[in-house]
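# A structural walkthrough
If you want the building blocks of each chain, they are given just below.
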Amino acid sequence: MQIKAPEKHGFDPARLQRLDGFIKARYLDTGKLPHAQILISRDNEIVHFSSQGAAREGSDKPVDEGSIFRIASMTKPITSVAFMMLVEQGKVAVDTPVHDILPEFKNTGVYSGGGGGVPFITKPTAQPMRMLDLLRHTSGLTYGFQYRSNIDAVYRATPSDAGPVENWYGEADLDTFITELAKTPLEFSPGEAWNYSVSTDVLGAVVQRVSGMPLDHFIAAKILTPLKMHDTGFMVPADKAERLVDCYAWAGPSGRIMYDRGETSMWLKQPKLVSGGGGLVSTALDYHRFCLMLANGGELDGVRILGRKTVELMTMNHLPGKSDLSTLSQSLFSETQNGGVGFGLGVAVTQDVAKAMIPGSAGEYYWGGMFSTSFFIDPVEKLHVVFMTQLSPSLLYPIRRELKTLIYSALT
């Protein structure tokens, strides 16, 4: 890895260096985060890369450029790219009804009453759920961890119950998950609201059915291998197991506790339910290559993954009426601040920098994961950033906002 002089790419080196001290003082020395890694690229060159903190509990080995992190919902843009590759081949379209590919959803209705042991009452959808709704999270689906409705309660059902099981390392495969999910009512009619959800997991099932390949095989063959993202996948192979870092969860006043220990991790074995919404592990350098591909209009090192106009389509705001998330969102949780932010085909898109109240550019696109990882790509400034750590939930600390502020303040 070559790190280029930041001053030659429009950064004040002293201001940029403040990042590491800030992270150390506010998050590592206080024990809020176990470790942190940040990569900053401008003009297709890495101008800053730093790693701090121990990779595993009880070890002095620090995180480094080889460290592997669970990227959770940063999987979503990769799955969305996989789908758009099939769109470019004419095998499916953005406005294709979901039930055309996944007939299980043909008769899925909208919640009208019931739940909590009482049979559901449903009504027909006002319009069919389309692939567009999966890509932009307007499908009417939800996540069980939101704890906000009778519908997400079904998502948390145990294997002996009738509902879908959000147990990504259980016995269900992707087809079984879809079958059970489609039996549960939608929270709203597709296109009428925005709610963070398992939509991208359903999109992964679409990729699998349309391509005729298992989702993990398709992503590996069509995206990861061509982009030389050799450390990214839905599991960590045995010869790389020592590189997987520990992952933590917040436990209230007592602080953070171990969520998934690196040496015994769930990600060391192949999952039966491949999660296109949150299952990948990766490194900062690998995800940097994915960002480079998008920033370069779908191409990297002579390998074209998507057409330039397809990337442009993905990074436009597709919310109904050109609205923003603060207007349409019904979600108690998402990987973004909502003001001035639209949503494209797999990524959030900044529409109004003033409403977002964070330095940036209109047209910048981004997302993050529940373990507090994040990335953003700013086409105006030819800048992108990848941030890695491992603490759930991601909304616990405002570190994404803080890092963006520090990074933009270093531009000259």
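The structure contained in this document is the topic of the report that follows. Note that the structure is predicted; figures quoted are calculated from it, not measured.

Let us look at the packing of helix α2 (residues 75-88) against helix α9 (residues 284-295). α9 packs onto α2 with a crossing angle of 45 degrees between their chain directions and a minimal axis gap of 12 Å. With respect to their mutual orientation, α2 and α9 come out oblique. The crossing of α2 and α9 is left-handed. Along the contact surface, α2 presents P77, I78 and V81, while α9 presents Y287, F290, M293 and L294. Taken together, the residues of the contact of α2 with α9 break down into seven nonpolar, no polar and no charged.

This part is about helix α6 (residues 174-181). What α6 keeps buried is the set L174, F177, I178 and L181. Buried residues of α6 fall within an arc of 100 degrees about the axis and therefore sit on the same side. Buried positions along α6 lie against α5 (150-155), α7 (199-211) and α8 (215-224). Capping the start of α6, D173 holds a side-chain oxygen 3.3 Å from the backbone nitrogen of D175, two or three residues further along.

Rolled over the atoms, a probe sized like a water molecule indicates the empty space that remains. Summed over all chains, the structure comprises one cavity of 30 Å³ or more. Of the voids in this model, the largest cavity is the one considered here, and its volume is about 40 Å³. Taken together, L33, S372, L391, P393, S394, L396, Y397 and I399 form the lining of the largest cavity. For the lining of the largest cavity, the class distribution of residues is six nonpolar, two polar and no charged.

The rules we used
- Residues numbered from 1 in each chain as written.
- Predicted model: local features only at pLDDT ≥ 70, side-chain atom pairs only at ≥ 80, totals over all residues.
- Heavy atoms only, no water.
- Axes fitted to C-alpha atoms, helices over the stretch in contact; angles between N-to-C directions.
- Helix = DSSP H or I, 4+ residues; strand = E, 2+ residues; numbered from the N terminus.
- Parallel < 35°, antiparallel > 145°, perpendicular 65-115°, else oblique.
- Left-handed = near helix turned anticlockwise from the far one by under 90°.
- Contact = heavy atoms within 4.5 Å.
- Nonpolar A, V, L, I, M, F, W, Y, C, P; charged D, E, K, R; others polar.
- Buried < 20%, exposed > 50% of the residue type's maximum accessible area, 1.4 Å probe, protein only.
- Arc of directions from axis to C-beta.
- Polar contact = N/O pair within 3.5 Å; in protein donor to acceptor, adjacent residues only side chain to side chain.
- 1 Å grid on protein atoms, 1.4 Å probe; cavity = no way out; pocket = protein on both sides within 12 Å on 5 of 7 lines; lining within 4 Å.
- Points joined across faces, edges and corners; volume = space filled by probe spheres on them.

This is a description of form; function is not addressed.
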